[in-house]
Amino acid sequence: MPASSPQVLYTPAQRARRDATAWTLVQGILAPVQFLIFGVSLYLVINSLHTGEHTDWALASVVLKTVVLYAIMVTGAIWEKVVFGQYLFAPAFYWEDVVSMGVMVLHTAYVWAWWQGAWSANDLLWLALAAYGSYAINAAQYIRKLRMARLQKQPSSTSLPDTGAQAST
């Protein structure tokens, strides 16, 4: 395959599994919900850092964002297993999953520090911003892959017949 060819995210079988599983719908619902919570929480965090107001709301919003993050990560791993045959680090989503692990570490560190109560509210809010920065990078990765998947051409009926053999690259 020439170097200029676009990356193929899904084989026809993977695309069929992706389209048939309910986990695709779950991801399609959870992703915008999480992004909405992220947007509200980001506003609360920045506002609290700037004005010192509504700090409890800001701190709690990060916990809520983390709960939804865990939900999307668990269901996303199930989706990846159904579509690609492994829970994480399928070649098509390897780097997204790597960055997701960093996102999870930062969000989990926030919840742990919040739960322990040993950090100041200001320090927690700065940690939340670090977690949110990593989340924004990860969200951009997934949006890029979603766009790539939409642009990926469907196999045409004029292509070579499917004999079960694959050409190696």
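In this text, all values refer to a predicted model and were calculated from it rather than measured experimentally.

A. Examining the overall build of the protein chain more closely. Per the secondary structure count, the protein chain includes five helices and zero strands. Of the regular secondary structure in the protein chain, the N- to C-terminal order runs α-α-α-α-α. Counting only residues that meet the buried cut, the protein chain has 36% of its 169 residues in that class. Of all intrachain contacts in the protein chain linking residues separated by at least 6 positions in sequence, the fraction that spans at least 24 positions is 72%.

B. Layout of the side chain of Thr21. On the secondary structure map, Thr21 appears in the loop between α1 (12-20) and α2 (22-51). Thr21 has contacts with Trp79 and Val82, leaving out every residue within four places of it along the chain.

C. View of the nonpolar core. By size, the foremost hydrophobic cluster in this structure holds 23 residues, and its most contacted members are Val45, Val62, Leu69 and Tyr110. Residue assignment for this core shows that the elements contributing at least two residues are α2, α3 (55-84), α4 (94-116) and α5 (121-151). The element that contributes the greatest number of residues to this core is α5, accounting for eight residues. Beyond its immediate sequence surroundings of up to four residues, Leu69 is in contact with Gln34, Val103, Met104 and His107.

D. Broad picture of α2. The first and last C-alpha atoms of α2 sit 43 Å apart over 30 residues, in line with the 44 Å expected at 1.5 Å per residue. In this fold, the buried residues of α2 make contact with α3 and α5. Where α2 begins, the side chain of Thr21 points an oxygen toward the backbone nitrogen of Trp23, at a separation of 3.2 Å. Positive backbone phi, at 80°, marks Gly52, one or two positions downstream of α2.

E. Broad picture of the packing of aromatic side chains. Per the stated rule, a full pass over the model turns up eleven aromatic pairs. Both rings, one in Tyr10 and one in Phe84, keep their centres 5.7 Å apart while their planes meet at 15°; by these two values the pair is stacked. A residue pair is termed long-range when its members are at least 10 positions apart, and Tyr10 in the segment before α1 and Phe84 in helix α3 qualify at 74 residues. The class of Tyr10 is buried, set by a relative accessible area of 6%. Here a set of aromatic residues connected by ring pairs shows up, and it is made of Tyr10, Trp79, Phe84, Phe93 and Tyr142. Positioned over the ring face of Tyr135 is Lys65, at 3.7 Å from the centre of the ring.

F. Molecular detail of the confidence of the model for the protein chain. Mean pLDDT over the protein chain: 88, with 86% of residues reaching 70 or higher. Here residues 156-169 is modelled with pLDDT under 50, and outside its nearest four sequence neighbours on either side it reaches one contact, counting other chains as well.

G. Up close: the packing of α1 against α3. Viewed as axis vectors pointing N to C, α1 and α3 meet at an angle of 140°, and their least axial separation amounts to 8 Å. Looking at the two axes, α1 sits oblique to α3. Side by side, α1 and α3 meet where Gln14, Arg17 and Arg18 of the first sit next to Trp79, Val82, Val83 and Phe84 of the second.

Procedures and definitions
Residues numbered from 1 in each chain as written. Predicted model: local features only at pLDDT ≥ 70, side-chain atom pairs only at ≥ 80, totals over all residues. Heavy atoms only, no water. Helix = DSSP H or I, 4+ residues; strand = E, 2+ residues; numbered from the N terminus. Buried < 20%, exposed > 50% of the residue type's maximum accessible area, 1.4 Å probe, protein only. Contact = heavy atoms within 4.5 Å. Core = buried A, V, L, I, M, F, W, Y, C linked by side-chain atoms within 4.5 Å. Expected span 1.5 Å × (residues − 1). Polar contact = N/O pair within 3.5 Å; in protein donor to acceptor, adjacent residues only side chain to side chain. Phe/Tyr/Trp six-rings, centres within 6.5 Å; stacked < 30°, edge-to-face > 60°. Lys NZ or Arg CZ within 6 Å of the ring centre and 35° of its normal. pLDDT = per-residue confidence, 0-100. Axes fitted to C-alpha atoms, helices over the stretch in contact; angles between N-to-C directions. Parallel < 35°, antiparallel > 145°, perpendicular 65-115°, else oblique.

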